[in-house]
Amino acid sequence: MSMMSFAPSHSDKFAFGVWCVTNAGRDPFGDATRKPMPAMQAIRGLGERNVWGFEFHDNDVFPLGASAAQVRKIVRDVRAIMADTGICCCSGTTNLFFHPVFKDGAFTSHDPQIRAYAVHKVMHAIDLAAELGAQNFLFWGGREGAEVDAAKDPIEAIRRFREAMNFLCAYVRQNKYKMTFTIEPKPNEPRGDLYMPSVGNALAFIETLDPPNRAMVGVNPEVAHIKMAGLNPYHEYGQALEAGKLFELHLNDQKPVRYDQDLTFGSASLKESFFIVKLMVDHKFAGIKAFDAHAYRSEDIDGVWDFVERNMRTYKILEEKAYEARANRDLSALLEEIQAGNKAYEKLFTKYSPAAVRKLKALKFDPDKMATGRRLAYEKLDQILTEILLGIR
Ligand code: GLT
Ligand code: MN
């Protein structure tokens, strides 16, 4: 039994979406299974459990159509909870998917009036998020997709998405809000296909924004979305990190290639979850670690808080395992052996020059010998790691 508490602290930068905690267990086939928790109770409960931040959709906290006076009161109430518990508001976002007006898209709708409403709604949501101190603003294009490809040209859809993003980036810069944007990729659901399906798609799209806007836009990939596409979260997060674009994580779990399950982090694939945490430890990720999942439908309100606590606890335990793996001598000795190569060939093509070309082209290689000369003991390596994770090393 470990002596460590694995209790969350604010330096972990753990966050939860308000919508994760207020989730009442409704799914496409069944009604709510628990009483929906009011947003204020959710934020307070998170703060009391030492969660660093919360994130919210405009309408998670501010009902659609709320009067100016109602909005002011809600802002005061949220601020009081933040002051009482020490929780911060780390990210905001806009609900551009629930109301039927968005049934065929928000930024990518055919109707300019709907596109205008979407951008108008986002600007108001950004103002509220900025007022509450949010440092990031999320863009999950839940309705930006299609079932009938005859209806919409994907090039036109991406052009519309870009127009909205450029306008909103300029809005943030002009207001001098200290806020980044992140795009959250997802391959499908609720639309048959979504236009920003993977990290790579989003990274490529960001580079097509107006030059002053590119630096402020990154990604917040979600484990479940990555696995719905059958991809590897370690590699998807890795590429976003390498590009300097991983501003926020949406952590949860998911059985591959299924509907969006939003399971508790680490509950479906511990080893994959370990590698996500290891990546963040190895590369000193300092961004927002938000959990975007919900408790099983079979849970009541107490179960929702068990869910909140175990997401963070599992992350902290896996973090400890990442340090254990790093300190394990058998693992590091084997890795050193595996990663060693013939150093004489290093830096032959790091800088292009005619001399470097001549030298490299003139070399003689014996691929048969190179292929068989050295064992890569991956069976042993993976077993050592497995045993570290299982706690017997
Ligand atoms: C929705 C979705 C999430 C997104 C949220 C942000 S809403 O629950 O499944 O992955 O992050 O809009
Ligand atoms: Mn998410």
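See the structure shown above.
Everything numeric in this text was worked out from a predicted model, so none of it was measured. (Residues numbered from 1 in each chain as written. Chains lettered and ligands numbered in written order. Predicted model: local features only at pLDDT ≥ 70, side-chain atom pairs only at ≥ 80, totals over all residues. Heavy atoms only, no water.)

**Some details on the pairing of strand β9 (residues 248-251)**
Residues E248 and H250 line one face of β9 and the alternating positions L249 and L251 line the opposite face, and both faces are buried. Two elements, β9 and strand β10 (residues 288-291), share four bridges in a ladder whose sense is parallel. Of the residues in β10, the one forming a bridge with E248 is I288. The handedness of the β9 to β10 crossover, carried by helix α11 (residues 270-282), is right-handed. (Buried < 20%, exposed > 50% of the residue type's maximum accessible area, 1.4 Å probe, protein only. Helix = DSSP H or I, 4+ residues; strand = E, 2+ residues; numbered from the N terminus. Pairing = 2+ DSSP bridges. Right-handed = clockwise from strand over helix to strand, strands pointing away.)

**Some remarks on the environment of R143**
Structurally, the position occupied by R143 is in the loop between β4 (136-139) and β5 (145-146). Considering only alpha carbons, one finds R143 and D260, 117 residues apart in sequence, at a separation of 15 Å. Among residues more than four places away in sequence, those in contact with R143 are L96, F97, F102, D104, G105, P190 and R191. (Contact = heavy atoms within 4.5 Å.)

**Structural notes on the packing of helix α12 (residues 301-327) against helix α16 (residues 378-389)**
It is the contact of α12 with α16, at a shortest axis distance of 10 Å, that shows an interaxial angle of 135°. Compared by their axis directions, α12 and α16 come out oblique. When the axes of α12 and α16 are compared, the crossing they make is right-handed. The residues of α16 that touch α12, namely those facing K321, E324 and A325, are L385, I388 and L389. Taken together, the residues of the contact of α12 with α16 break down into four nonpolar, no polar and two charged. (Axes fitted to C-alpha atoms, helices over the stretch in contact; angles between N-to-C directions. Parallel < 35°, antiparallel > 145°, perpendicular 65-115°, else oblique. Left-handed = near helix turned anticlockwise from the far one by under 90°. Nonpolar A, V, L, I, M, F, W, Y, C, P; charged D, E, K, R; others polar.)

**Remarks on the layout of surface pockets**
A probe matching the size of a water molecule, rolled over the atoms, marks out where space remains unfilled. Taken as a whole, the largest pocket encloses approximately 1,800 Å³ of empty space. In this structure, the largest pocket is lined by 49 residues; those nearest its centre are W19, N23, R26, F97 and H294. Every element with two or more residues in the lining of the largest pocket is listed here: α1 (18-22) and α3 (58-61). For the lining of the largest pocket, a count of residues per class yields 23 nonpolar, 13 polar and 13 charged. (1 Å grid on protein atoms, 1.4 Å probe; cavity = no way out; pocket = protein on both sides within 12 Å on 5 of 7 lines; lining within 4 Å. Points joined across faces, edges and corners; volume = space filled by probe spheres on them.)

All we've got here are geometric facts, nothing functional implied.
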